[in-house]
Amino acid sequence: QKEVEQNSGPLSVPEGAIASLNCTYSDRVSQSFFWYRQYSGKSPELIMSIYSNGDKEDGRFTAQLNKASQYVSLLIRDSQPSDSATYLCAVFGGSNYKLTFGKGTLLTVNP
Amino acid sequence: NAGVTQTPKFQVLKTGQSMTLQCAQDMNHNSMYWYRQDPGMGLRLIYYSASEGTTDKGEVPNGYNVSRLNKREFSLRLESAAPSQTSVYFCASSRDRGDYEQYFGPGTRLTVT
């Protein structure tokens, strides 16, 4: 059974700090990895995708993937109060060919 | 370009009533999905349609049926609603089944009393 694990939080960081969100997955043949942001009462919004080992940067966001360790992370630099949301890690791959979501980490950025 | 749209936004049903949740996308995507999201359970896949004319069960299909009406539209039907189906329902679409990015609609908040 494929699993995606995230620390539920809440993770609290001061404004301007780096927020680090982590995710581990159990299916070694997973191929693609995504981070979604979900504000309270809203739908998940795709913010990052990463497919190969290493780092991928997009503005203040950096996704990091280590397939050997089955670990993916999201760094948010210069965190803003508007970054306060639940961040969902999603993993695709394996024989069932479906996207599996973690339960999410609640991030709070304090002004 | 509206992306993924869902109707209704909110619905209250009594146990045993039926209803259909509607979803449409204007991104010319081939694949569409229905999820439910419950506190502490995360997002769970109910059904998906890899392409027009096909549908398959996801993780939690019991109590639901789906119809892929055409390439744009994918509906979810509750034939006899139960309190356990109280949830937030999201429709999503992607270019194809596979490692393509999924885009979500705004959701339907359903309460079954």
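Cut-off values and rules
Counting of residues starts from 1 at the beginning of each chain's written sequence and follows it residue by residue. Written order determines the labels here, with chains lettered from A and ligands numbered from 1. Totals for whole chains, interfaces and linings use every residue, but because this is a predicted model, local features are given only for residues with pLDDT of at least 70 and side-chain atom pairs only at 80 or more, for both listing and counting. Note: side-chain values were computed over all heavy atoms of the structure, leaving out hydrogens and water. Helix and strand definitions here come from DSSP, where helices need a minimum of 4 consecutive H or I residues and strands a minimum of 2 consecutive E residues; each element is numbered from the N-terminal end. Here, two residues are considered to be in contact whenever any of their heavy atoms come within 4.5 Å of each other. We define a salt bridge as a contact between a side-chain nitrogen of Lys or Arg and a carboxyl oxygen of Asp or Glu at a distance within 4 Å. Any pair of N or O atoms that falls within 3.5 Å is considered a polar contact. Within protein, one atom must be able to donate a hydrogen and the other to accept it, and sequence-neighbouring residues count only if both atoms are side-chain atoms. Side-chain classes follow a simple rule in which Ala, Val, Leu, Ile, Met, Phe, Trp, Tyr, Cys and Pro form the nonpolar group, Asp, Glu, Lys and Arg form the charged group, and the remainder, Gly included, forms the polar group. The disulfide criterion used throughout: a pair of cysteine sulfur atoms within 2.5 Å.

Attention now moves to the environment of Leu-78 of chain B. Residues and elements named next belong to chain B. Residue position: Leu-78 is located in strand β8 (residues 74-78). When the C-alpha atoms of Leu-78 and Thr-20 are compared, they prove to be 6.3 Å apart, with 58 residues separating the residues in sequence. Once residues lying within four places of it in the same chain are set aside, the contact partners of Leu-78 are Gln-17, Ser-18, Met-19, Leu-21, Gly-63, Tyr-64, Gln-85, Tyr-89 and Leu-110.

At the interface, 19 residues of chain A touch 22 residues of chain B. One can count 0 salt bridges joining chain A with chain B. Between the two partners, chain A and chain B, sit 5 residue pairs in polar contact (both at pLDDT 80 or more). Ranked by residues supplied to the side of chain A that touches chain B, first place goes to strand β4 (residues 30-38) of chain A with 4 residues. Each residue belonging to the side of chain A that touches chain B can be placed in one class, and the counts come to 10 nonpolar, 6 polar and 3 charged.

Turning next to the state of the cysteines. Under the counting rule described, the total for this entry stands at 2 disulfides over all chains. Residue pairing for Cys-23 of chain A: its cysteine sulfur links by disulfide to Cys-89 of chain A, the two sulfurs lying 2.1 Å apart. An S-S torsion of about -75° defines the bridge between Cys-23 of chain A and Cys-89 of chain A as left-handed. Taken as a pair, Cys-23 of chain A in strand β3 (residues 19-25) and Cys-89 of chain A in strand β9 (residues 85-93) lie far apart in primary sequence, 66 residues in all. A sulfur-sulfur separation of 1.9 Å characterises the disulfide bridge that pairs Cys-23 of chain B with Cys-91 of chain B. In this structure the cystine formed by Cys-23 of chain B and Cys-91 of chain B twists about its S-S bond by roughly -70°; its chirality is therefore left-handed. With Cys-23 of chain B in strand β3 (residues 19-25) and Cys-91 of chain B in strand β9 (residues 87-94), this residue pair connects regions lying 68 residues apart in the sequence.

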